[in-house]
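Survey of secondary and tertiary structure
Each chain, written out:
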Amino acid sequence: MIGALNGFILRLRGALSRTETFIAEAAHHIRTPLSTVRTEAEIALRQSQEEGTRARLLSVIRSVEESSRSAGQLLEQALVLYRTDRLDRAEFDLGAILAAQVQSFRPTADLREITLAFAAPEAAIPVLGDRLMVEAALRNILDNAIKYSPDEAQVEVILALRDGRAETQVCDRGRGLGGADLVELSQRFRRGGNVSDIVGSGLGLTIVLEVAEASGGSFTLSPRDGGGTCALFSLPLR
């Protein structure tokens with residue numbers, strides 16, 4: 001009986017590992033051809049002078065961007081849900097992870113002349129959690145802040161210690177919450193009524209909230225004085 005149970009556990013572990021590998025490979029194989037289609041459409045758009053053709057190409061580019069974002073975030077949420085059941089807890093420096101995420105978004109922000117202002121303590125901030133899940137949460141928070149910000153705006157990213165917790169605050173000057181609250185906006189595929197003209201999947205906040213709950217942390221959204229939104233992602237220290 002013990003041998004049978006051990007064999008079952010080994011087979012289950014192998015199946016779970018193959019599932020995680022499949023999710024990662026699926027994300028790559030979906031994003032790559034969509035990126036190729038978008039690149040070709042953008043080249044054709046630059047070369048075309050006919051207004052009707054340009055309008056159709058712009059529609060293609062938007063559709064590809066929506067498909068790529070939706071597919072990527074669906075697979076990312078699948079990975080988060082999968083890892084929630086078997087958290088790979090380890091100690092890591094949250095400051096270093098956040099700094100790397102901010103740096104990875106600078107080219108995207110620069111295209112629209114958006115300034116990313118980053119502030120964090122010089123000392124390491126050790127937290128205990130699943131690093132890949134935390135990276136996914138931070139990535140979605142930063143993506144939202146930049147996506148909904150107007151051109152030439154500033155996004156403030158602040159990491160601070162408070163009451164035994166590491167708090168990441170990301171504040172933008174975007175369109176705000178549009179009268180909705182986090183309960184509404186964190187539902188799958190639900191988006192604010194004031195952002196329908198911006199490409200999005202309605203999964204970003206769902207992913208962040210799931211990561212926060214699985215990590216023993218918290219996530220809140222609040223209106224920012226003067227316009228915009230502040231997202232607060234909190235994790236317990238090690």
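Residues numbered from 1 in each chain as written. Predicted model: local features only at pLDDT ≥ 70, side-chain atom pairs only at ≥ 80, totals over all residues. Heavy atoms only, no water.

1. Here's the deal with the side chain of Glu 135
Secondary-structure assignment places Glu 135 in helix α4 (residues 131-147). You can call Glu 135 buried: its relative accessible area is 17%. For Glu 135, the contacting residues outside a window of four places in its chain are Ile 97 and Gln 101. (Helix = DSSP H or I, 4+ residues; strand = E, 2+ residues; numbered from the N terminus. Buried < 20%, exposed > 50% of the residue type's maximum accessible area, 1.4 Å probe, protein only. Contact = heavy atoms within 4.5 Å.)

2. With respect to the nonpolar core
One finds Leu 94, Phe 219 and Phe 233 to be the most contacted residues of the largest nonpolar core, which totals 38 residues. Those elements that provide at least two residues to this core are α3 (94-111), α4, β4 (154-162), β5 (165-171), α6 (204-214), β6 (218-223) and β7 (229-236). Take this core: its biggest share by element is 9 residues, from α4. (Core = buried A, V, L, I, M, F, W, Y, C linked by side-chain atoms within 4.5 Å.)

3. Some remarks on the packing of α3 against α4
Running from amino to carboxyl end, α3 crosses α4 at an angle of 35°, the nearest separation of the two axes being 10 Å. Between α3 and α4 lies a crossing of right-handed hand. Only Arg 131, Val 134, Glu 135, Leu 138, Arg 139, Leu 142, Asp 143 and Ile 146 of α4 make contact with α3, whose side of the interface consists of Leu 94, Ile 97, Leu 98, Gln 101, Val 102, Phe 105, Thr 108 and Ala 109. Taken together, the residues that form the contact of α3 with α4 break down as 10 nonpolar, 2 polar and 4 charged. (Axes fitted to C-alpha atoms, helices over the stretch in contact; angles between N-to-C directions. Left-handed = near helix turned anticlockwise from the far one by under 90°. Nonpolar A, V, L, I, M, F, W, Y, C, P; charged D, E, K, R; others polar.)

4. Description of the packing of α4 against α6
Interhelical geometry of α4 versus α6 gives an angle of 145° and a closest axis separation of 9 Å. The interaxial crossing formed by α4 with α6 has left-handed handedness. Counting all contacts with α4, which are made through Met 133, Val 134, Ala 136, Ala 137, Asn 140, Ile 141 and Asn 144, the residues of α6 involved are Gly 204, Leu 205, Ile 207, Val 208, Val 211 and Ala 214. The class makeup of the residues in the contact of α4 with α6 is 10 nonpolar, 3 polar and no charged.

5. Some details on the pairing of β7
With 6 of 8 residues buried, β7 lies mostly within the body of the structure. One ladder, built from 7 bridges, connects β5 with β7; its direction is antiparallel. Across the sheet, the residue bridging to Arg 165 is Pro 236, located in β7. Taken together, the 6 bridges between β6 and β7 define a ladder with antiparallel strand orientation. Across the sheet, Pro 223 pairs through a bridge with Thr 229, a residue of β7. (Pairing = 2+ DSSP bridges.)

6. Some thoughts on unusual backbone geometry
Phi angles above zero are rare outside glycine, and Glu 113 is one such case at about 55°. Along the polypeptide, Glu 113 turns up in the loop between α3 and β2 (115-119). On the basis of relative accessibility, which here comes to 51%, the residue Glu 113 falls in the exposed class. With phi around 65°, Glu 152 is a residue other than glycine that occupies positive phi space. Relative to the helices and strands, Glu 152 is located in the loop between α4 and β4. Classification of Glu 152 as exposed rests on a relative accessible area of 61%.

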